[in-house]
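If you want the building blocks of each chain, they are given just below.
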Amino acid sequence: MTEPALSTQPVAGAMPAFRASVSAAQLRDVCEKTRAQGARLVALWGSDETTRGAGYALQLALALPSGLLWLTLPLAREHPRYPGVADIYPCANRMQRAAYDMFGIHAQDSSDRRKWVRHRAWPGGVFPLRKDFAIGASFPPSEDRYTFVKVEGEGVHEIPVGPVHAGTIEPGHFRFSIVGEKILRLEQRLCYKHKGIEKLFETMTLADGARLAARVSGDSTVAYSWAYAMAVEGASATEPPVRALGLRAIMLELERIANHLGDLGYLGNDVALAFGFFQFWRLKEDLLRLQGELFGHRYLMDQVVPGGVARDLTREQAGRLIARLEQIRAEVMELRAIYDDHAGAQDRFILTGQVLPELAEKMGLVGFAGRASGIKHDLRLDYPMAPYQQLGVRMVTHTRGDVAARVSVRFDEMFESMRLVQALAEQLAPGPIRVPVAPCAPGKCGVGWVEGWRGEVLIALDVADGDRIHRAHAHDPSWQNWPVLERAVLGNIVPDFPLINKSFNLSYSGQDL
Amino acid sequence: MYRLLRQIAKTGIVSEAPPTPDAALRLIDQQLGEVILRHFGRALAIRHVDAGSCNGCDLEIHSMNGPYYNLERLGIKFVASPRHADMLLVTGPVARNMELALKRTYDATPDPKLVVAIGDCGCTGGIFGESYASCGRVSNVIPVDVAVPGCPPTPSALMQGILTAISSSERNRG
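A quick note: this is a predicted structure, and the numbers were derived from the prediction, not measured. (Residues numbered from 1 in each chain as written. Chains lettered and ligands numbered in written order. Predicted model: local features only at pLDDT ≥ 70, side-chain atom pairs only at ≥ 80, totals over all residues.)

(A) A look at the sheet that holds strand β14 (residues 456-464) of chain A. Residue and element names in this part refer to chain A. In spatial order, the strands read β13-β14-β15; together these three strands make up an open sheet with antiparallel pairing. Looking at the sheet topology across the chains shown, the edges are occupied by β13 (445-451) and β15 (468-475). Shown here is a sheet whose adjacent strand axes are inclined to one another by a mean of 15 degrees, direction ignored. Lying on the sheet, helix α4 (residues 206-213) is in contact with β14 and β15; it crosses β15 at an angle near 25 degrees. Strands in contact with helix α5 (residues 221-236) are β13, β14 and β15; relative to β13, the strand with the most contacts, it is inclined by about 150 degrees. (Pairing = 2+ DSSP bridges. Helix = DSSP H or I, 4+ residues; strand = E, 2+ residues; numbered from the N terminus. Axes fitted to C-alpha atoms, helices over the stretch in contact; angles between N-to-C directions. Contact = placed C-beta atoms within 7 Å.)

Put into C-alpha cells, the structure is as follows:
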C-alpha cells in the first residue's frame with residue numbers, strides 16, 4: 001500500500017505512528033484512497049485549539065499497514081465544519097455526532113444529524129469540551145427529544161428496553177422493532193453513562209491522568225492504563241524498562257483470560273446451562289484471587305503506570321501464576337468439551353447473531369469479534385513491539401461470525417493468552433520495573449495503541465504547559481462494534497438478543513466517556 | 001452428560017461462609033422494624049442499577065453471584081424489575097444522563113425499601129466527582145441506607161453491605 005501524498009511526521013513512541021495535517025479539500029480524498037487500500041478508521045474526535053491562537057480541529061486516526069496515521073484538519077473558530085466521512089467509513093457516524101455534541105464542529109452533508117452524547121445534562125448550542133466551558137457548569141435539565149427510525153407495517157411493534165436493564169448490565173437504551181418474535185430493526189441509544197472523562201483529563205497532570213485512564217472501562221483497565229502510559233512515554237521520550245514491558249504483557253493477557261472466563265460462563269447461562277456459569281465463575285474467581293494476592297488488585301487496576309509498572313513479580317510468584325494457569329487450562333479444556341457436546345447449547349450458538357465477513361469489513365468490526373468474522377487484525381501481530389515480537393502470537397480467526405464462532409475464538413484466544421503468560425513469566429528480564437517520567441514539552445503528542453481483550457484501545461494525547469493535559473482522547477473498540485450489533489440481531493428472535501449481546505460484550509462506559 | 005455430571009461431582013460445593021454485618025457502613029439508622037427485617041432477611045429481592053460506573057463494581061456484583069460467594073443461598077436474589085425489589089444496589093457516580101432513570105427506578109420500588117450505594121464513586125463520587133456530567137455520590141440523588149467503599153469493593157465487602165442493610169441497628173451495635 002502506498003501512503004497518500006501527505007507530509008507526515010513520526011510520533012515518537014512504542015507503536016509506529018505518523019501525524020499529518022490535511023485541508024478540508026484533501027480529507028475525503030485521503031479517506032477514500034486509504035479505504036480503497038484496506039485501511040480502517042480507528043477513531044475520530046475533535047479538539048479545541050483556541051487557547052493556542054487557532055480555531056478547532058478534527059482529528060482522525062487511520063490504521064495503515066505501516067502504522068497509525070493521525071490526521072488533523074484545522075477548523076475555523078466561527079462555524080467550524082468539515083466534510084463528513086461516514087459514507088466512506090460507516091463507523092464514523094456516531095463519532096461525528098459526538099464530536100458535534102462536545103465541540104460544535106459540524107460534519108457537512110451528513111444524513112444523520114441527531115445528537116449522540118447530549119441527553120438532558122446540558123442544552124443544545126453549549127459544547128462541554130470547548131475550553132471556555134467550565135467543568136462544573138450546571139444547567140436545568142433540558143428537554144430530551146430523540147427520534148428513532150420507525151418501522152411500519154402490519155403487526156410491527158416496538159419494544160423499548162433500558163436504560164435500566166433487567167440484569168447486572170451497564171445502562172443503555174435498545175429500541176426493537178419486531179413482528180412476532182422476529183427482530184426487524186434494532187436501534188441503540190447510548191451515552192447514559194457519560195461522566196465527563198475527557199473534560200476531567202484536561203484538569204489533570206500527566207501523572208494524575210493515569211488513575212482516570214484506568215477507570216475509563218473497568219473490565220479493560222490494563223489495556224487503558226497501558227495505552228495511557230504508552231502515550232505519556234512517547235510524548236516525554238521516556239523508555240520503560242524491559243522487565244516492565246514483560247509484566248505489562250502478563251497483566252494484559254490475564255485481563256483477556258479473566259474476561260473470556262466470565263463471558264463464557266454467561267454464554268452458558270444465557271442458553272439455560274447454569275452449570276457453565278458456576279464452573280467458569282469459579283475458575284475466574286480462582287484467577288482474580290491470585291491476581292489480588294500477587295498484584296494487590298483483583299482487576300490489576302493502577303498497576304500499569306507511566307514509566308513502568310507499580311509492583312514486581314518474584315520468581316516464586318511467577319511460578320505460582322504459571323501453576324494456577326495450568327490448572328485452569330486443564331479445567332477449561334474439559335468445559336470446552338462439555339460445551340461442544342451439549343446439543344442444547346450448540347443449537348442456540350450456531351448461526352445465531354451472524355456477522356458475515358463482508359459486513360464485518362464494511363462496518364469496521366474489530367477485536368476478537370472481528371476475528372470471528374474473518375477480520376485478520378490484531379495489534380500484537382500487525383505491529384509487533386516488545387515483548388510480543390519475541391513471542392510469536394498466534395492469531396485465532398473464524399469465518400462464520402455467529403455466536404458459536406465468537407465462543408470458539410474466545411476459547412482459543414484464552415488458551416493462547418495462557419501460553420503467552422507462561423512464556424513471559426518464565427523469562428522476565430532482570431532489572432528495574434519503573435523509571436521516572438521525563439518532563440514533557442507543551443505541544444508534544446503521544447499515541448497509546450493496545451490490543452485489549454475486546455479490541456484495540458487508543459489514547460491520543462496532546463500535552464499542555466507544566467505537564468498538564470491539553471487533550472486526551474480515549475477510544476474504545478465498542479464504538480466500532482455497537483453499530484454492528486444492530487445488524488447482527490436482524491432476523492433473530494428477541495429471546496436470543498441477550499445471548500448475541502453477551503457474545504460481543506461491548507463496553508458502555510468506554511463508549512460514553 | 002456423563003462428563004457434565006462428573007465435573008459437578010468433582011467440583012463439589014465451594015461456597016464459603018458469609019461475612020457478618022458492619023454497623024460502620026450505615027449512613028442512617030435502620031428504619032425498618034424487626035418484623036419486616038425478619039422477612040427481608042430471608043427473602044430479599046435486589047434490583048441493581050448502574051448509574052454511571054466504570055463497570056468495575058458491576059464485575060464484583062457478578063462475582064458475588066458466583067459459587068464462592070453464592071449470595072442466593074442466603075435467600076437474597078437479583079430481580080429484573082424495581083417493582084419486584086426490596087433493595088436497590090446502585091453503582092457508580094450518578095451520571096447526569098442517568099439521574100432521571102435512577103429517580104424513576106427508586107420511585108418504582110415499593111416501600112419499604114433499602115438502598116445500598118456501592119464503591120468509592122457511589123459513596124463520594126470518586127475520581128469523577130461532581131461536574132457538568134456527574135451528580136457525584138448516590139445520596140445526592142436518592143436516600144441511601146448503607147454505603148460500601150472500595151474501588152471496586154470485594155465481593156465479601158458487597159455481601160457485608162447488603163447484610164448490614166437488612167440487619168437491625170440494635171443488632172449491629174451489639
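(B) Quick look at the pairing of strand β4 (residues 114-118) of chain B. Residues and elements named next belong to chain B. By the criterion of burial, β4 is predominantly enclosed, with five of the five residues buried. What you see with β4 is no split at all: L114, V116 and I118 on one side and V115 and A117 on the other are buried throughout. Of the strand pairs in this sheet, strand β3 (residues 87-91) and β4 are connected by five bridges, and their pairing is parallel. Opposite T91, over in β4, you have I118 as the bridge partner. A crossover links β3 with its parallel partner β4, the connecting element being helix α4 (residues 99-108), and its sense is right-handed. Strand direction decides the pairing type here: β4 and strand β5 (residues 146-148), joined by three bridges, are parallel. Within the sheet, the bridge partner assigned to V116 lies in β5 and is V146. Once the chain exits β4 it traverses helix α5 (residues 119-124) before rejoining the sheet at β5, and the crossover so formed is right-handed. (Buried ≥ 20, exposed ≤ 12 C-beta atoms within 10 Å, placed from the backbone. Right-handed = clockwise from strand over helix to strand, strands pointing away.)

(C) Region of the structure containing the nonpolar core. Counting residues in each nonpolar core, the largest one holds 221 residues, and the members touching the most others are A:L68, A:W70, A:A99, A:A227, A:I459, B:V90 and B:V116. Per-element accounting of this core gives the leading share, 14 residues, to helix α6 (residues 242-269) of chain A. Once you skip the residues sitting within four places of it in the chain, B:V90 turns out to touch B:V49, B:A51, B:L102, B:V115, B:A117, B:I118, B:G122 and B:V138. (Core = buried A, V, L, I, M, F, W, Y, C linked by C-beta atoms within 7 Å.)

(D) A look at the packing of helix α3 (residues 56-64) of chain B against helix α6 (residues 155-165) of chain B. Residue and element names in this part refer to chain B. The geometry of α3 relative to α6 is characterised by a closest axis approach of 9 Å and an angle of 80 degrees between their N-to-C directions. With respect to each other, α3 and α6 are oriented roughly perpendicular. Residue-level contacts link E60, I61, S63 and M64 of α3 to P155, L158 and M159 of α6. Split by residue class, the contact of α3 with α6 holds five nonpolar, one polar and one charged. (Parallel < 35°, antiparallel > 145°, perpendicular 65-115°, else oblique. Nonpolar A, V, L, I, M, F, W, Y, C, P; charged D, E, K, R; others polar.)

(E) A look at the interface of chain B and chain A. With 39 residues of chain B at the contact, the number on the chain A side is 44 residues. At the level of elements, α1 (2-11), β1 (44-50), α3 and α4 of chain B are the ones that each hand at least two residues to the side of chain B that touches chain A. With six residues, α3(B) is the single largest residue contributor to the side of chain B that touches chain A. Here the residues of the side of chain B that touches chain A sort into 21 nonpolar, 14 polar and four charged.

(F) Geometry of α5(A). All names here are of chain A. In a regular helix each residue adds 1.5 Å, so 16 residues correspond to 22 Å; α5 covers 22 Å between its end C-alpha atoms and thus fits that length. By the criterion of burial, α5 is predominantly enclosed, with 16 of the 16 residues buried. Backbone geometry just after α5 places A237 at a positive phi near 55 degrees. (Expected span 1.5 Å × (residues − 1).)

(G) Structural detail: the environment of A:L68. All names here are of chain A. Following the sequence through the fold, L68 ends up in strand β5 (residues 67-75). Separated by 26 residues in sequence, L68 and V42 have C-alpha atoms that sit 8.6 Å apart. Among residues more than four places away in sequence, those in contact with L68 are M15, P16, A17, V42, A61, A63, V447 and W449.

(H) Highlighting the environment of A:R371. All names here are of chain A. As for its position among the elements, R371 is in helix α11 (residues 367-371). Judged by the 26 C-beta atoms lying within 10 Å of it, R371 falls in the buried class. Sequence separation of R371 and Q59 is 312 residues, and the distance between their C-alpha atoms is 27 Å. R371 has contacts with K376, D378, M395, V396, T397 and V409, leaving out every residue within four places of it along the chain.

(I) Representation of the sheet that holds strand β9 (residues 173-179) of chain A. All names here are of chain A. Taken in spatial order, the three strands of this open sheet run β8-β9-β10, and their pairing is antiparallel. Each of the sheet's edge strands pairs with one partner strand only, and the pair in question is β8 (156-161) and β10 (182-189). For this sheet, the mean angle separating the axes of adjacent strands, direction not counted, is 20 degrees.

(J) Looking closely at the environment of A:K444. Residues and elements named next belong to chain A. Within the fold, K444 resides in the loop between α13 (403-426) and β13. Residue classification places K444 among the partly exposed residues on the basis of 18 C-beta atoms within 10 Å. Placed 142 residues apart in sequence, K444 and D302 show a C-alpha to C-alpha distance of 24 Å. Setting aside residues no more than four positions away along its own chain, K444 makes contact with A235 and V463.

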